[in-house]
Amino acid sequence: MCGIAGLAGADAARHETTVAAMGLAQRHRGPDGTRYLTSADARAVLSMNTLLIVDTAAGPGPYRDPASGIVLTFNGEIYNYRQAAADWGIGLDAGETDAHLVLRAWAKLGPGCLGGLDGMFALAIYDPREGRLFLARDRLGEKPLYWRLDGGRLAFASEVTTLTGYGTAPLVVRPEMLSIETPTGADTPFQGIQLLPPAGLLAFDVTTGSLVQRAWWTLEGLEPWQGDYQSALARFSTLLADRVPMRAPGSDFALLLSGGLDSSVLAYLMRPQVCVTVRYPGQDRLDESAIAAAVARDVGAELVIIEPTIQDFTCSLPQIMHALDYPMGNASTFSEHMAYRAVAERGIRVVVGGLGPDEFLMGYVRHALVLFGPQAVLDAGMESYRPLASKLLGRDSGPLGPDEAIVKLLLRGQDPDGRLRELVADALGRAGGDLARGLTLADLATAWRPLVMTSDKLASAFALERRSPYLARDLVEFSYRLPIEHKIADPAAGKRILRDAAKALGLPREVWGSRDKLGFASPVPSWLSGPLEGWATAQISSALDQAPRRLHPLLAGGLKPGGRFDRTRMQALMAAAWFSDHTLTAAA
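Parameters at a glance
- Residues numbered from 1 in each chain as written.
- Predicted model: local features only at pLDDT ≥ 70, side-chain atom pairs only at ≥ 80, totals over all residues.
- Heavy atoms only, no water.
- Helix = DSSP H or I, 4+ residues; strand = E, 2+ residues; numbered from the N terminus.
- Rg over C-alpha atoms; globule rule 2.2 N^0.38 Å.
- Buried < 20%, exposed > 50% of the residue type's maximum accessible area, 1.4 Å probe, protein only.
- Contact = heavy atoms within 4.5 Å.
- Areas by Shrake-Rupley, 256 points an atom, 1.4 Å probe, with all protein chains shown as cover.
- Lys, Arg positive; Asp, Glu negative; His and termini not counted.
- Charge placed at Lys NZ, Arg CZ, Asp CG, Glu CD.
- Pairing = 2+ DSSP bridges.
- Axes fitted to C-alpha atoms, helices over the stretch in contact; angles between N-to-C directions.
- pLDDT = per-residue confidence, 0-100.
- Salt bridge = Lys/Arg side-chain N within 4 Å of Asp/Glu carboxyl O.
- Parallel < 35°, antiparallel > 145°, perpendicular 65-115°, else oblique.
- Left-handed = near helix turned anticlockwise from the far one by under 90°.
- Nonpolar A, V, L, I, M, F, W, Y, C, P; charged D, E, K, R; others polar.
- Phe/Tyr/Trp six-rings, centres within 6.5 Å; stacked < 30°, edge-to-face > 60°.

**A word on the overall build of the protein chain**
Working step 1: Along the protein chain, the regular secondary structure elements total 26 helices and 17 strands.
Working step 2: Over its C-alpha trace the protein chain gives a radius of gyration of 23 Å, about what one expects of a compact globule, namely 25 Å for 588 residues.
Working step 3: With the C-alpha coordinates aligned to their principal axes, the bounding extent of the protein chain is approximately 70 × 60 × 45 Å.
Working step 4: In the protein chain, which comprises 588 residues, the proportion classed as buried is 58%.
Working step 5: Expressed as a percentage of contacts within the protein chain between residues at least 6 apart in sequence, the contacts between residues at least 24 apart total 69%.
Working step 6: By element, 51% of the accessible surface of the protein chain is carried by carbon and sulfur atoms, the whole surface being about 21,700 Å².
Working step 7: Charged side chains of the protein chain number 58 positive and 64 negative; the gap between the two group centres comes to 1 Å.

What follows is the structure, given as structure tokens:
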């Protein structure tokens, strides 16, 4: 986990002090040094916060290629960098890392090298031979990268607040923040600041001020898998056993172990030194620590059990919102924050988690509700999900079409502009008639962003590198290609092919046979309607009195009564803390 920032333009060198300040603003992302570097033609200044993982003796970035003059600042890890170097005939000296491979590959191949990189990254490269700054992000957006145009210059950074410090950016409530709790696409809640999309490539011409954006990778063109289930299982198991261990660092690392299928498979394949799980006393339904303990014991790992309290939540909320930059809808935010804190306290620098299988292998209950219908899901023993299923039940006009069903299941508020419906319709259209593919693409366009972004932002606040092994390129592409029946054949048991692979690996039946998905869910919504109701109301009301009118819809919803699983109050509380944080920052 590193941080990158910088700007490019005809007079960039005159703004070295500004770029230095941008780097210092996110120095928590790279405790091993913050530096900046000016290109030889003085038209780009790049900064980098370095966190040394691959080689602790390596020099900090940014990096310059002497032969071409290309300058690189880089955040992330390229897991196949040695193989890529061999394939491309690029030499690496002792002490050189994946960043040096990227630098030389770009000098040799240009943007075409991105397709050969298997990893997570956000990078900026200035090529003086062309007078262009390039920004690029990994396939699924594991590493964030924001940018803005100002006075013929393009500025960029790993964190929004770094760019709000560069210049004013009024707060804006995007419609999706009311409908699904998070902005989508390239939008942010800051006017003039955009998020580069996953697999996005941006080229900025410093002479003309023009820019071009395109996607350098997509899922849609992949051909469906034509083999039978047994051949698919064999191929999937091989990929799993090969690609996942590649994501383990050479040093000690921690695994977020919920006790569920995804994280347990990672434990067996990666053999972490430390496993961290979260449980809440008195919340038996959310407690999977017994399974986590059995898995940790099996793989010889130390198990760290975190038991967050109500007091932990009230104290942590300002820290969480400062790290996130803006509100994001994720039920596990508080649990993740507490887990990352525990990992950092042990002096560990890398933490691993299980993002990915739910989206690509139909692991969410909402997938089963769309594919099988609500009654079939309830009849399969998923009665605890009746509140979600009820969104699709009781219709006199008959069952909903897939597009409307997906929208109803994703929707957490109002969608007056129809933005969510547009996103879902576009995803289904790009899926070519395959509903499972459509569900995956809909997730990636809506609910995925807060999951992957909170993982990066919360971890980086503690100078941790977060890794998600299931997002290996080959695993993602193969999973997407599979037919629906290879992903889910039972309304209560998604991720069929991963379950069967786990069974073959010898995981306990409690793991691969589990029918209920918990993850790192927390009782925060019930706290906010119970013991913390008065405190939450006071926080939201105070913000509502001071906030501009454009923020009122985001806040006002939190003053209404909510159910056990209703996150409206949590979203409003996060918005209140966000507004307070930015008010204090502006005052300072």
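**As for the sheet that holds strand β14 (residues 274-278)**
Working step 1: Strand order in the open sheet formed by 5 strands is β15-β14-β13-β16-β17, and the pairing between neighbours is parallel. The open sheet has two edge strands, β15 (302-306) and β17 (465-467), and neither has a second partner. This sheet shows a mean twist of 25° between the axes of neighbouring strands, independent of strand direction.
Working step 2: Note: strand β16 (residues 350-352) against β17, 3 bridges, orientation parallel. Note that in β17 the partner of Val 351 across the bridge is Arg 466.
Working step 3: Along the sheet, helix α7 (residues 261-270) contacts β13 (254-256) and β16; its crossing angle with β13, the most-contacted strand, is approximately 160°.

**Some remarks on the confidence of the model for the protein chain**
Working step 1: Chain-level pLDDT for the protein chain is 91 on average; 95% of the residues reach the 70-or-more range.
Working step 2: A low-confidence stretch, residues 584-588 stays under pLDDT 50, and its non-local contacts, those more than four residues away or across chains, total 0 contacts.

**Some details on the pattern of salt bridges**
Working step 1: Scanning the entire structure with this criterion turns up 29 salt bridges.
Working step 2: Linking Glu 159 and Arg 29 is a salt bridge whose minimum nitrogen-to-oxygen distance equals 3.2 Å. Of this pair, Glu 159 sits in the loop between β9 (153-157) and α4 (160-166) while Arg 29 is found in the loop between α1 (16-25) and β2 (34-38), placing the two residues 130 residues apart along the sequence.
Working step 3: Using a relative accessible area of 5% as the deciding quantity, one classes Glu 159 as buried.

**Some remarks on the packing of helix α9 (residues 310-324) against helix α18 (residues 448-460)**
Working step 1: The N-to-C vectors of α9 and α18 enclose an angle of 115°; their axes lie 8 Å apart at closest approach. Judged on the interaxial angle alone, α18 and α9 are roughly perpendicular. As for how α9 packs across α18, the hand of that crossing is right-handed. Touching Ile 320, Ala 323 and Leu 324 of α9 are Thr 454, Lys 457 and Leu 458, all from α18.
Working step 2: A per-class count over the contact of α9 with α18 returns 4 nonpolar, 1 polar and 1 charged.

**A short note on the pairing of strand β12 (residues 211-215)**
Working step 1: Note that strand β11 (residues 200-205) and β12 share 5 bridges and pair antiparallel. For Phe 204, the partnering residue across the bridge sits in β12 and is Leu 211.
Working step 2: In textbook terms, the turn of a hairpin is the stretch between consecutive antiparallel strands, and for β11 and β12 this stretch comprises 5 residues, one of which, Gly 209, has a positive phi near 75°.

**Re the packing of aromatic side chains**
Working step 1: Considering all chains together, one arrives at 11 aromatic pairs under this definition.
Working step 2: Taken together, a centroid distance of 5.2 Å and an interplanar angle of 55° make the contact between Trp 106 and Phe 134 tilted. Here Phe 134 lies in strand β7 (residues 132-137) and Trp 106 lies in helix α3 (residues 98-109), a separation of 28 residues in the sequence.
Working step 3: For Phe 134, a relative accessible area of 2% gives the class buried.
Working step 4: Seen from their ring centres, Phe 190 and Tyr 326 are 6.4 Å apart, and the 65° between their planes marks the pair as edge-to-face.

**Considerations on the packing of helix α16 (residues 419-430) against helix α17 (residues 435-445)**
Working step 1: The contact between α16 and α17 brings their axes to 8 Å, and the two run at 140°. Here α16 lies oblique to α17, going by the angle between them. Crossing angle aside, the handedness with which α16 passes α17 is right-handed. From α16, Leu 423, Ala 427, Leu 428 and Arg 430 reach across to α17, where they touch Leu 435, Gly 438, Leu 441, Ala 442 and Ala 445.
Working step 2: Here the contact of α16 with α17 is composed, by residue class, of 7 nonpolar, 1 polar and 1 charged.

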